[in-house]
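As a plain string of letters, each chain reads:
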Amino acid sequence: MWQSGNIYLITAISVIGGGLFGFDIASMSAIISTDAYLCYFNEGPDGPGFNDSTTCSGPRSNTQGGITASMAGGSWLGALMSGYITDRVGRKSAIQVGSIIWMIGSILCCASQNIAMLIVGRIINGISVGICSAQVPVYISELAPPSKRGRLVGTQQWAITWGIMIMFYISYGCSYIDGTAAFRLPWGIQMTPAIILFLGLLFLPESPRWLAKHGHWEQALEVLTLVHGHGDEHNKFVSREMEEIRNEVEFDRANADVTWKELLKPNMLNRLHIGMFTQIWAQLTGMNVMMYYITYVFAMAGLKGNNVLLSSSIQYIINVVMTIPALIWLDRWGRRTPLLVGAVLMMTWLFAVAGIMATYGHAAPAGGLNGIAAESWITSGAPAKAIIACSYLFVASYAPTWGPVSWVYPPELYPLRVRGKAVAVCTSANWAFNFALGYFVPPAFENIKWQVYIIFGVFCASMFVHVFFMFPETAGKSLEEVEAMFLDPKGHKYLGTPPWRTSIVRRTLDMEPSKEGVAGVEHKESSEEMMVPGVMKREDIV
């Protein structure tokens, strides 16, 4: 079968797997405030069947938290499963498995007869998202050249933002339909990207590193030649990349068979902690909370009716647009700088919202606004506009920083022998906290109100400190050079080169030497000598 070697086409198709997560976010955030949803899944106390009110209360806060969080719970399980699946059948096939599971879950959501059936459908959707979100970054990082890796893997986040925006407007349009079709139709339409993903992957190559790891050396060379050599297997970059893959695979085979316990060994534990906390902190910024429950936030800021949905949609547009700078310049900015800057900016807007709500707002009547208990605070006038502005600025701060970096960074940390399993564990940490926060926020808005923003602001301050002291720079380094950085004999034992002393590499295997230089680093012509200062070469490690 014909296969494409265009790295941009490969990326464009594979990141649809990330778009599935975006579709899921918007399919819930745009629907939870609609009358059709609130009345069909109503648990009282208001609405037909409970009293004479024409306004339905919808699911209780705890129930809505469970509905929202069920997807993340499934994603946690899917992410853990993905390590085993991808090692057995390959990166590409694992993503295809995820797309099939998504279709099954979407059918169940579309046909939901009650809350239990909806939760089951969302759990199955979550398993799909967990598999795809864990393995799409691995697949792209193992095919992309070092100079483009950040940009290409970062498109996973861009795909998520596009998925959110597209699905939000589909759901918004469907909200004008009378009856249950208002939510069934968008939940059925969300199968479309999974179908495109499955069919598109048929025309893409497998990861050359996975092929080499499983002894398919000729196929690995063919893929490298197709993607990077333009048909010339003697291309300089192809030869160097093949040699590095060969050295890596041989080194891994000479050591031991890989088990999950490998991740808990002293020389791997620090990297596992960094990867997991990259994903954990990305959740504790509060961004996905803003995405899932933005209609609650804007309702508390005084917006009503369709104005809530339209104003919410603006932040999704901001999310798409503000991710673009990271796609263009992320490999120039590096990984540490966006994480540090993003943490400070998001902390600022979160504390600002908390201060404005505490100073100028007041508690809503018992039972919450519009009968929704989670809408527990009222702010109006200029302060309400300031809250909306800060919410937009928060999204604009997250989109070019923690959004893409949280997907780019973890796959860069691990050697080939454990990469699939390690990224699966990291992504499962993302979904575990996504689950917890999805469940926590509605009751939190109901009970502690504006103090929710204080909690997330403190998290942002904590992540700044953690990143500065523990997260090394990986931008511009080949995956093999990153491995050597963590084994630096002149650094701290088991930690490698101190993170604050690491810097971006401006010259990589697929580029000519840069005239910029890097903070005292001299890059030699030999690929084996292209290491960070004081780091062992591969043969020294052996």
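Look up a bit, the structure's there.
Note that this is a predicted model, so its numbers are computed, not measured.

**Student:** Can you help me understand the side chain of glutamine 64 in this one?
**Tutor:** Position of glutamine 64 relative to the elements: it lies in helix H4 (residues 61-89). Residue glutamine 64 is classed as buried on the basis of its relative accessible area, which comes to 2%. Only 2.7 Å separates the side chain of glutamine 64 from the side chain of tyrosine 37, close enough to count as a polar contact. With residues near it in sequence (within four places) discarded, glutamine 64 still touches Met28, Ile32, Tyr37, Pro59, Tyr293 and Tyr296.

**Student:** Whenever I open this one, the packing of aromatic side chains confuses me. Can you help?
**Tutor:** For any pair of aromatic rings, the description rests on two quantities: the centre-to-centre distance and the angle between the ring planes. Under the defined criterion, the tally for this structure stands at 19 aromatic pairs. Pairing phenylalanine 277 with tryptophan 281 gives two aromatic rings, centres 5.7 Å apart and planes at 45°, and the pair type is tilted. Here the residue phenylalanine 277 and the residue tryptophan 281 both occupy positions in helix H13 (residues 266-284), the gap between them amounting to 4 residues, near one helical turn. For phenylalanine 277, a relative accessible area of 29% translates into the label partly exposed.

**Student:** What exactly am I supposed to notice about the side chain of glutamate 412 here?
**Tutor:** As for its position among the elements, glutamate 412 is in the loop between helix H19 (402-408) and helix H20 (416-447). Of the polar contacts made by the side chain of glutamate 412, one reaches the side chain of arginine 335; its length is 2.8 Å.

**Student:** Teacher, can you tell me more about the pattern of salt bridges here?
**Tutor:** Once their charged atoms are close, side chains differing in charge can pair, the charge on each being opposite to the other. Throughout the structure, instances matching the rule amount to 11 salt bridges. One salt bridge connects arginine 122 with aspartate 24, and the closest N-O pair in it is separated by 3.1 Å. Taken together, the positions of arginine 122 in helix H6 (residues 115-143) and aspartate 24 in helix H2 (residues 16-29) put the pair 98 residues apart, joining distant regions of the chain. Here arginine 122 and aspartate 24 have matching classes, each one buried. Close ionic contact of aspartate 331 with arginine 335 constitutes a salt bridge, the shortest N to O distance being 3.1 Å. Accessibility assignment for this pair places aspartate 331 and arginine 335 in one class, buried.

Analysis parameters
- Residues numbered from 1 in each chain as written.
- Predicted model: local features only at pLDDT ≥ 70, side-chain atom pairs only at ≥ 80, totals over all residues.
- Heavy atoms only, no water.
- Helix = DSSP H or I, 4+ residues; strand = E, 2+ residues; numbered from the N terminus.
- Buried < 20%, exposed > 50% of the residue type's maximum accessible area, 1.4 Å probe, protein only.
- Polar contact = N/O pair within 3.5 Å; in protein donor to acceptor, adjacent residues only side chain to side chain.
- Contact = heavy atoms within 4.5 Å.
- Phe/Tyr/Trp six-rings, centres within 6.5 Å; stacked < 30°, edge-to-face > 60°.
- Salt bridge = Lys/Arg side-chain N within 4 Å of Asp/Glu carboxyl O.

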